Amino acid sequence: MQESQPSPIALTGRPVISATGLFTPAESISNAELVASFNAFADRHNAAHAEAIAAGEAEPLPYSSVEFIEKASGIKSRHVMSKAPILDPETMCPRLPERGNDELSIMAEIGVAASRKALERAGRDPQDVDAVLCAASNMQRPYPAMAIEIQQALGIEGFGFDMNVACSSATFGIQTAADYIRSGNARSVLVVSPEITSGHLNWRDRDSHFIFGDVATAVLVEDAAIAPAQHWDILGTKLKTVFSNNIRNNFGFLNRATPETAGSADKLFVQEGRKVFKEVVPMVAQMILDEAMRLGIDPQALRRLWLHQANAGMNRLIAHKVLGHEASEDESPTVLDTYGNTSSAGSIIAFHQHSDDLAEGDTGLICSFGAGYSAGTVFVRKIG
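Keep in mind it's a predicted model, so treat the numbers as computed, not measured.

About the criteria used
- Residues numbered from 1 in each chain as written.
- Predicted model: local features only at pLDDT ≥ 70, side-chain atom pairs only at ≥ 80, totals over all residues.
- Heavy atoms only, no water.
- Helix = DSSP H or I, 4+ residues; strand = E, 2+ residues; numbered from the N terminus.
- Buried < 20%, exposed > 50% of the residue type's maximum accessible area, 1.4 Å probe, protein only.
- Contact = heavy atoms within 4.5 Å.
- Areas by Shrake-Rupley, 256 points an atom, 1.4 Å probe, with all protein chains shown as cover.
- Salt bridge = Lys/Arg side-chain N within 4 Å of Asp/Glu carboxyl O.
- Pairing = 2+ DSSP bridges.
- Axes fitted to C-alpha atoms, helices over the stretch in contact; angles between N-to-C directions.
- Parallel < 35°, antiparallel > 145°, perpendicular 65-115°, else oblique.
- Left-handed = near helix turned anticlockwise from the far one by under 90°.
- Nonpolar A, V, L, I, M, F, W, Y, C, P; charged D, E, K, R; others polar.

Peer 1: Quick one: what's the story with the overall build of the protein, residue by residue and with numbers?
Peer 2: A count of helices and strands for the protein gives eleven helices and 13 strands. Its C-alpha atoms put the protein at 95 × 55 × 35 Å along the principal axes. Expressed as a percentage of its 384 residues, the buried residues of the protein come to 52%. Long-range pairs, those at least 24 residues apart, make up 78% of the contacts in the protein with a sequence separation of at least 6. When the accessible surface of the protein is summed, it comes to about 17500 Å², and 51% of that surface belongs to carbon and sulfur atoms.

Structure representation (structure tokens):
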């Protein structure tokens, strides 16, 4: 007598977030430590150029301060993968030993760590996952794709690819994963955002030396039919891009074709902060309101906003425009103060750390915005 086989699960084509995972580097830099390092560098620079400064041919580098940093950004500390070299006035850059091609790369390593935590929280075996999307602002190399390396390290069959939409990479990845679920091309997709942003930050630039931190996040997007009892329905996603040079990084393989400028400041993160603030805040707020209307969601009834963690002032204004009042820490939680700007991972960290307390049926918004300009919204509802 032939044994009967279990019936396959009927997929719904309805995407949900089953779980998230977070990897946080062990080392952290306080504003006081960062300011001491920068000011020591400024002293060295000013001493080395004393004659030109005295002659009026050059401007002295001004000091940074804890008060300046916290007023400008709301950041109080940030985690990094390589603390001592960043704080060394002679180096002021992370130092990470190069690994052999037969070793797991550091970006894949932290991505795998975050992914394992997401899989564990969902009770999911890696073999049940169909795809890996590595969605981050700076890839360690062009190829092979970081996603494929993460996929191999986790033992996942299927496919993987990298995607870069700067600070909105994770939300763009979530919509891409959700579209795979909606179309039936996948049942379970990992969206992994390993962000070693300390590598692209100019730690010698007073206006930006405090902005970024390192981290890795993972979001497991699945068909509702296989999701754990407690999950988040994805009610709708919306993406938007508008070209702007106000946040830019010109580092790339073609830099070697113009060696005389290969080491210039624009090969690292540069921005026109005031212009970004003025242009992005209304764009993102209107995008949220328009998408809420399309989905039939009252924006003022949103239980929580998990916004991109780049600037406390931007988040405060966006939340006010969406909710119609000054948002409390409960309504719009902040992780910026201890993590800094972690690019694509910021809104996911906020969601990961500040979502378990919501009740079944509560509705919230994961939202990113940044270079491009790029912006993404993911409206979700708590189930279970």
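Peer 1: Describe the environment of Glu157, and please don't skip the residues or the numbers.
Peer 2: Relative to the helices and strands, Glu157 resides in the loop between helix 6 (146-154) and strand 5 (159-163). On the accessibility criterion, Glu157 (61% relative accessible area) is exposed. Along the primary structure Glu157 and Ala131 are separated by 26 residues, whereas in three dimensions their C-alpha atoms are 7.5 Å apart. Apart from the residues lying within four places of it in its own chain, the contact partners of Glu157 are Val129, Asp130 and Gln151.

Peer 1: Can you tell me about the pattern of salt bridges, naming the residues and giving the values?
Peer 2: Enumeration according to the criterion identifies 14 salt bridges in this entry. Put simply, Arg121 and Asp356 hold a salt bridge, and the shortest N to O gap is 3.4 Å. Of this pair, Arg121 sits in helix 5 (residues 106-122) while Asp356 sits in the loop between helix 11 (346-353) and strand 12 (363-370), and the two are 235 residues apart along the sequence. Overall, Arg121 belongs to the partly exposed group, its relative accessible area being 42%. In this structure Asp356 comes out as exposed when scored by relative accessible area, which is 52%. For the salt bridge of Asp330 with Arg304, the shortest nitrogen-to-oxygen distance reads 2.7 Å. Of the two residues, Asp330 sits in the loop between helix 9 (312-323) and helix 10 (336-339) while Arg304 sits in strand 11 (residues 304-307), which places them 26 residues apart along the sequence. Judged by its relative accessible area of 36%, Asp330 falls in the partly exposed class. Classification of Arg304 as buried rests on a relative accessible area of 3%. Salt bridges linked by common partners bring Arg303, Arg304, Asp330 and Asp357 together as one network.

Peer 1: Any chance you could break down the sheet that holds strand 7 (residues 214-223) for me, citing the residues and the numbers?
Peer 2: In spatial order, the strands read 5-4-6-7-1-8-13-12-11; together these nine strands make up an open sheet with mixed pairing. Each of the sheet's edge strands pairs with one partner strand only, and the pair in question is strand 5 and strand 11. Across the sheet, the mean angle from the axis of one strand to that of its neighbour is 25 degrees, orientation sign disregarded. Each of strand 1 (15-23), strand 4 (131-135), strand 5, strand 6 (188-196), strand 7, strand 8 (231-241), strand 12 and strand 13 (374-383) touches helix 7 (residues 169-183); the most contacted strand, strand 8, lies at about 120 degrees to it. Here helix 9 sits on the sheet in contact with strand 11 and strand 12, set at roughly 145 degrees to strand 11.

Peer 1: An account of the side chain of Arg124 is requested, with residue identities and associated values reported.
Peer 2: Within the secondary structure, Arg124 sits in the loop between helix 5 and strand 4. Note on Arg124: relative accessible area 15%, which makes it buried. Beyond its immediate sequence surroundings of up to four residues, Arg124 is in contact with Leu119, Val129, Ser188, Leu220, Glu222, Ile226, Ala227 and Pro228.

Peer 1: Summarise unusual backbone geometry; cite the residues concerned and give the values.
Peer 2: Most peptide bonds take the trans form, and the phi angle of most residues other than glycine is negative. Residues Tyr143 and Pro144 are joined by a peptide bond in cis, for which omega reads 0 degrees. Mapped onto the fold, Pro144 is located in the loop between strand 4 and helix 6. Looking along the chain, the bond that leaves Gly372 and enters Tyr373 is cis, with omega of -5 degrees. Mapping Tyr373 onto the fold places it in the loop between strand 12 and strand 13.

Peer 1: Talk me through the pairing of strand 3 (residues 77-80); I want residue IDs and the actual numbers.
Peer 2: Here strand 3 shows no split at all, with Ser77 and His79 on one side and Arg78 and Val80 on the other all buried. In this structure, strand 2 (residues 27-30) lies alongside strand 3, joined through four bridges in antiparallel fashion. Looking across to strand 3, one finds that Glu27 is bridged to Val80.

Peer 1: For the pairing of strand 6, give the residues involved together with the corresponding values.
Peer 2: Taking burial as the measure, the nine residues of strand 6 include nine buried ones, the bulk of the element. Across the two faces of strand 6 the burial is the same, with Ser188, Leu190, Val192, Pro194 and Ile196 and Val189, Val191, Ser193 and Glu195 all buried. By the bridge criterion, four bridges tie strand 4 to strand 6 in an arrangement that is parallel. Looking at the pairing, Ala131 lines up with Val189 of strand 6. With nine bridges connecting them, strand 6 and strand 7 associate as antiparallel partners. When the bridges of strand 7 are listed, Ser193 appears paired with Thr217.

Peer 1: Talk me through the packing of helix 5 against helix 6; I want residue IDs and the actual numbers.
Peer 2: What describes two packed helices is the angle between their axes and the distance between those same axes. Helix 6 packs onto helix 5 with a crossing angle of 55 degrees between their chain directions and a minimal axis gap of 9 Å. Relative to helix 6, the element helix 5 lies oblique. Here helix 5 runs over helix 6; the crossing is right-handed. Residues Met107, Ala108, Gly111, Val112, Ser115 and Arg116 of helix 5 touch helix 6, and the partners they reach there are Met146, Glu149, Ile150, Ala153 and Leu154. By residue class, the composition of the contact of helix 5 with helix 6 is seven nonpolar, two polar and two charged.

Peer 1: Talk me through the packing of helix 8 (residues 273-295) against helix 9; I want residue IDs and the actual numbers.
Peer 2: Between helix 8 and helix 9, the least distance of the axes is 9 Å, while the angle of their chain directions is 30 degrees. Of the two elements, helix 8 crosses helix 9, and the hand of that crossing is right-handed. The residues of helix 9 that touch helix 8, namely those facing Val276, Phe277, Val280, Val281, Val284, Ala285, Ile288 and Leu289, are Gly313, Met314, Leu317, Ile318, Lys321 and Val322. In terms of residue class, the contact of helix 8 with helix 9 is built from twelve nonpolar, one polar and one charged.

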